[in-house]
Amino acid sequence: MRRNTEAAKRAAERREREDAADRLHEVVPTLGNLTLHIEERRTDKDEVEVSHTRRVVIDRAPAHFEMGCSDRRCDGGHDVTRSIMNALRAGETEFTGSDVCGGQSKHGPCKLEMHYAAVADYADAAE
Ligand SMILES: [Zn+2]
C-alpha cells in the first residue's frame, strides 16, 4: 500500500526531528507537568473531528511538538513547536494555540485546523 508507506515514512521523519531536538527538560528545567488537549476540526465545518489529551513525559520528551494530520489521506501536519516553546520559556501555565494543516488531502488542500489547550506547571511555582 503506497499510502501506508508514505505515512510510515512521514512518521519516521517526524521521529527523526524529535530525536534531533533538545530535550524538553534541558530547555525548560523547571517544567513539572505538561498536558496538551488537542482538537482537530475542519475549517468549513464546526464539528470536532478528533479530540485527545496528551500527557507529555517531561523526562524523555523532545522540545519539539509536531503532530501528523489526522486525515490519513493528507500529507500535512502541525508543527506548533515555536508557539508552545515560547509559552513554556515564558513560564505560562495555561495557553492555547492553533494551526491549519497545510497539506494536500485526497480532494485538494486539507482543511483540518488543530487547536490545542495546554496546562503546565513548574517546579518553583507556588502551590
Ligand atoms: Zn491535513
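Just so you know, these numbers come straight off a predicted model, no measurement behind them.

Student: How would you explain the nonpolar core if you had to name every residue and give the values?
Tutor: A general trend in soluble globular proteins is that nonpolar side chains are found buried together. Grouped together as the largest cluster of nonpolar side chains are 23 residues, with contacts concentrated most on L24, L34, L36, F65 and L88. Of all elements in the fold, only β1 (31–42), α3 (81–89) and β8 (112–122) reach the threshold of two or more residues within this core. Per-element accounting of this core gives the leading share, five residues, to β8. If sequence neighbours within four positions are ignored, L88 has contacts with L24, V28, L31, L34, F95, A120 and Y122. Counting residues in each nonpolar core, the second largest holds five residues, with C69, C74, C101 and L112 among its members.

Student: Provide a residue-level description of the coordination of the zinc ion, including the pertinent values.
Tutor: Looking at the zinc ion, one finds its protein donor set to be C69 (SG), C74 (SG), C101 (SG) and C110 (SG), positioned 2.2 to 2.3 Å from the metal centre. Around the zinc ion, the four donor atoms sit at angles spanning 100 to 116 degrees, and that spread fits a shape best called tetrahedral. Counting residues between consecutive donors of the zinc ion along the chain gives the motif C-x4-C-x26-C-x8-C.

Student: Could you give me a rundown of the sheet that holds strand β2 (residues 48–56), with the residues and numbers involved?
Tutor: Pairing within the open sheet is antiparallel, and its four strands lie in the order β2-β1-β8-β5. Of all the strands in the sheet, just β2 and β5 (94–100) have a single pairing partner and so form its edges. Across the sheet, the mean angle from the axis of one strand to that of its neighbour is 15 degrees, orientation sign disregarded. Bridge count between β1 and β8: eleven bridges; the pairing is antiparallel. The partner of L36 across the bridge, within β8, is A118. In this fold α3 packs onto β1, β5 and β8, with an angle of close to 20 degrees to the strand it touches most, β8.

What counts and what doesn't
Residues numbered from 1 in each chain as written. Predicted model: local features only at pLDDT ≥ 70, side-chain atom pairs only at ≥ 80, totals over all residues. Heavy atoms only, no water. Core = buried A, V, L, I, M, F, W, Y, C linked by side-chain atoms within 4.5 Å. Buried < 20%, exposed > 50% of the residue type's maximum accessible area, 1.4 Å probe, protein only. Helix = DSSP H or I, 4+ residues; strand = E, 2+ residues; numbered from the N terminus. Contact = heavy atoms within 4.5 Å. Donors = N, O, S within 2.8 Å, 3.2 Å for Na, K, Ca; no water. Tetrahedral: all angles 85-135°; square planar, octahedral: opposite > 155°, others 65-115°. Pairing = 2+ DSSP bridges. Axes fitted to C-alpha atoms, helices over the stretch in contact; angles between N-to-C directions.

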